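Listed here are the chains, written in short residue letters.
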Amino acid sequence: MEKNAGYTIRRSVLFEGGSGFALGENPKAPAPFVTWQFNDTDRGRSYFWGHYHADKAAAELDFNSRVADHKRLYGQREVTPRPIAQQMQEAAKLAEADRGQTAPKRNVPDKGDR
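Notes on the structure follow.

Parameters and conventions
Residues numbered from 1 in each chain as written. Predicted model: local features only at pLDDT ≥ 70, side-chain atom pairs only at ≥ 80, totals over all residues. Heavy atoms only, no water. Helix = DSSP H or I, 4+ residues; strand = E, 2+ residues; numbered from the N terminus. Buried < 20%, exposed > 50% of the residue type's maximum accessible area, 1.4 Å probe, protein only. Areas by Shrake-Rupley, 256 points an atom, 1.4 Å probe, with all protein chains shown as cover. Phe/Tyr/Trp six-rings, centres within 6.5 Å; stacked < 30°, edge-to-face > 60°. Contact = heavy atoms within 4.5 Å. Lys, Arg positive; Asp, Glu negative; His and termini not counted. Salt bridge = Lys/Arg side-chain N within 4 Å of Asp/Glu carboxyl O. Core = buried A, V, L, I, M, F, W, Y, C linked by side-chain atoms within 4.5 Å.

This next bit is on the overall build of the protein chain. Of the regular secondary structure elements, the protein chain holds two helices and six strands. Starting at the N terminus, the α and β elements of the protein chain follow one another as β-β-β-β-β-α-β-α. The 114 residues of the protein chain split such that 27% are buried. As displayed, the protein chain has an accessible area near 8700 Å², and 51% of this comes from carbon and sulfur atoms.

Moving on: the packing of aromatic side chains. For the structure shown, the criterion picks out seven aromatic pairs. Relative to Phe21, the ring of Phe15 has its centre 6.4 Å away and its plane inclined at 85 degrees; by these criteria the two rings are edge-to-face. Note on accessibility: Phe15 and Phe21 belong to one class, buried. In textbook terms, an aromatic cluster arises when at least three aromatic residues are bridged by ring pairs, as seen for Tyr7, Trp36, Phe38, Tyr47 and Tyr52.

Here we come to the environment of Glu60. Here Glu60 shows up in helix 1 (residues 56-74). Residue Glu60 is classed as partly exposed on the basis of its relative accessible area of 28%. Glu60 sits 36 residues away from Gly24 along the chain, and the two C-alpha atoms are 9.8 Å apart. Contacts of Glu60, omitting those with residues within four sequence positions, involve Arg11 and Leu23.

Counting through the fold element by element, Asp62 comes out in helix 1. Lacking a salt bridge, the buried Asp62 has Arg66 as its closest oppositely charged neighbour, with an N-O distance of 4.3 Å. In this structure, Asp62 is in contact with Thr35, His51 and His53, ignoring residues within four places of it in sequence.

Right, let's get into the nonpolar core. Counting nine residues, the largest nonpolar core is built from Tyr7, Ile9, Leu14, Ala22, Ala29, Val34, Trp36, Phe38 and Tyr47. Taken together, the elements giving at least two residues each to this core come down to strand 2 (7-15) and strand 4 (33-41). For Val34, the contacting residues outside a window of four places in its chain are Tyr7, Ala22, Leu23, Gly24, Gly50, His51 and Tyr52. Judged by nonpolar contacts, the second largest core, of eight residues, contains Leu23, Phe33, Ala59 and Phe63.

Set out below in structure tokens:
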């Protein structure tokens, strides 16, 4: 499970542009629930603009509201991030398939005996 600032990320939504929202939980914190906005980059996620809550229902309502507002304001669709292990497996399969094959020929019309 992913963690940020002592909170375990319970839910997250990622949008096309690489931004998203997360819902975190830390039972030992004074405010045990938080929603953050984040940017997803090749170096990982950077979390900011946390809204802290004492009540789980209030945190979930805030999370859903932030996600809906982002969709409405920016018109971006949700995307499903693939785990790194899956990405590496797919890359290995593509590399194996490409190994030893010649470049594909262009589909050009036959010009006869020229």
